[in-house]
Amino acid sequence: MNVRLAICMLICLVPVVAFSQQPPQEIPLWPNGAPGFESRRNEPVVAKDYWIANIHNPTVTVYLPPKDKATGAAVVICPGGGHRLLVFNAEGDEPARFLASIGVVAFALKYRLGREEGSPYSIEKHARADGQRAMRLVRSRAKEWNIDPERIGLMGFSAGGEVVSMVAFGNTDGDSHAADTVDRISCRPNFLIMIYPGPLGIPDVVPPTAPSAFLLAADDDQCCSPPVVKLLQRYREARIPVEAHIYTQGSHGFNMGNRSKLFSIKGWPQRLADWLADNHFLDKTPQVADRRH
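Note that the coordinates shown come from a computational prediction; the quantities given were computed from them, not determined experimentally.

### Some details on helix α7 (residues 268-278)
Stage number 1. Taken residue by residue, α7 has Trp268, Pro269, Leu272, Ala273, Trp275 and Leu276 as its buried positions. What you see down the axis of α7 is that its buried residues fit within an arc of 160 degrees, all on one side.
Stage number 2. Those residues of α7 that are buried are in contact with α2 (88-101), β7 (152-157), β8 (191-195), β9 (212-218), β10 (242-247) and α6 (263-266).
Stage number 3. Just beyond α7, the residue with positive phi is His280, at close to 70 degrees.

Here it is as structure tokens:
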């Protein structure tokens, strides 16, 4: 009877466990739609296979870590896709779930696409604005999500890495006179994670206020290993902390390594976790990991 009772109790608990994990919540960057394009905010996103497109109401999807693992760190993730689409499953959802598993609140960004056919958007203006707004929105609601506002990073894959560059290496100050209080907040990331980033936005000189960075690409990626090499050298010239990994093989678009046959590529997320830990971004009592404000 005791065995049967135990089995019955386990069966009854399954729904409780299943529903205790809340699904990720999607939040618009602007409550009434993107400025100047409010009338398009209700147009549905097009989703097919591994990608999404037709983004007119940019959002962040929030992935919360288990409460016992939460560190107070956060990362906004910019998926790649050549500014024509977003590889949202493999470069938005998967990295967000990985980061949440190590105690980081993750935000997968759906930004507007400047190269999509018929797009009214500019990469330099609208994709950049979406990245800036995402950082400001997360920082403005840090208390709600139990985030340390001084430990918010920005991560990008491929074209998403270009969004990271445009946000991180440009003016990050808030507008003190903005009517929207979110826009008064700094959009400066406290650290950067750039995975085979594209060349757009790579500065000739890394500014002294730039955050520390984790860079990663494969040597046989003709597009996006050169930006990593350039950034590494320019970070070293600026004497700002940087870590770079150049793998012999892997080509472009290996995402989180889940589908690769290469052991080095499969293991790269652990290198990121090590870097975050070594630089105290995962400390529940942080040791001032980012000294540049």
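### Some details on the pairing of β8
Stage number 1. Buried residues dominate β8, accounting for 5 of its 5 residues.
Stage number 2. Of the pairings in the sheet, the one linking β7 to β8 comprises 5 bridges and is parallel in character. Each residue of the ladder has a partner; that of Met155, found in β8, is Ile193.
Stage number 3. Between β7 and its parallel partner β8, the chain crosses via helix α4 (residues 159-168), and the hand of that crossover is right-handed.
Stage number 4. Of the pairings in the sheet, the one linking β8 to β9 comprises 5 bridges and is parallel in character. Opposite Ile193, over in β9, you have Phe214 as the bridge partner.

### As for the nonpolar core
Stage number 1. Among the nonpolar cores identified, the biggest contains 80 residues, and Phe107, Met155, Ile195 and Trp268 are the most heavily contacted of them.
Stage number 2. Look past the residues within four positions of Met155 in its chain and what remains in contact with it is Val75, Val76, Ile77, Cys78, Pro95, Leu99, Val164, Ile193, Ile195, Trp268 and Leu272.

### Considering the packing of aromatic side chains
Stage number 1. Per the stated rule, a full pass over the model turns up 10 aromatic pairs.
Stage number 2. A network of ring pairs unites the aromatic residues Phe157, Tyr196, Phe254 and Trp268 as a single cluster.
Stage number 3. Between Lys110 and the ring centre of Phe88, over which it is positioned, the NZ or CZ distance is 4.9 Å.

### A word on the pattern of salt bridges
Any two side chains of opposite charge can pair, on the condition that their charged atoms come close.
Stage number 1. All told, the structure shown has 10 salt bridges when counted by the stated rule.
Stage number 2. A salt bridge links Asp180 to Arg133, with the shortest nitrogen-to-oxygen separation between them at 2.9 Å. One end of the pair, Asp180, is in the loop between α4 and β8; the other, Arg133, is in helix α3 (residues 123-140), and 47 residues separate them in sequence.
Stage number 3. What makes Asp180 partly exposed here is its relative accessible area of 28%.
Stage number 4. By sharing partners, the salt bridges in this structure join Arg133, Asp180 and Asp183 into a single network.

Rules used in this analysis
Residues numbered from 1 in each chain as written. Predicted model: local features only at pLDDT ≥ 70, side-chain atom pairs only at ≥ 80, totals over all residues. Heavy atoms only, no water. Buried < 20%, exposed > 50% of the residue type's maximum accessible area, 1.4 Å probe, protein only. Helix = DSSP H or I, 4+ residues; strand = E, 2+ residues; numbered from the N terminus. Arc of directions from axis to C-beta. Contact = heavy atoms within 4.5 Å. Pairing = 2+ DSSP bridges. Right-handed = clockwise from strand over helix to strand, strands pointing away. Core = buried A, V, L, I, M, F, W, Y, C linked by side-chain atoms within 4.5 Å. Phe/Tyr/Trp six-rings, centres within 6.5 Å; stacked < 30°, edge-to-face > 60°. Lys NZ or Arg CZ within 6 Å of the ring centre and 35° of its normal. Salt bridge = Lys/Arg side-chain N within 4 Å of Asp/Glu carboxyl O.

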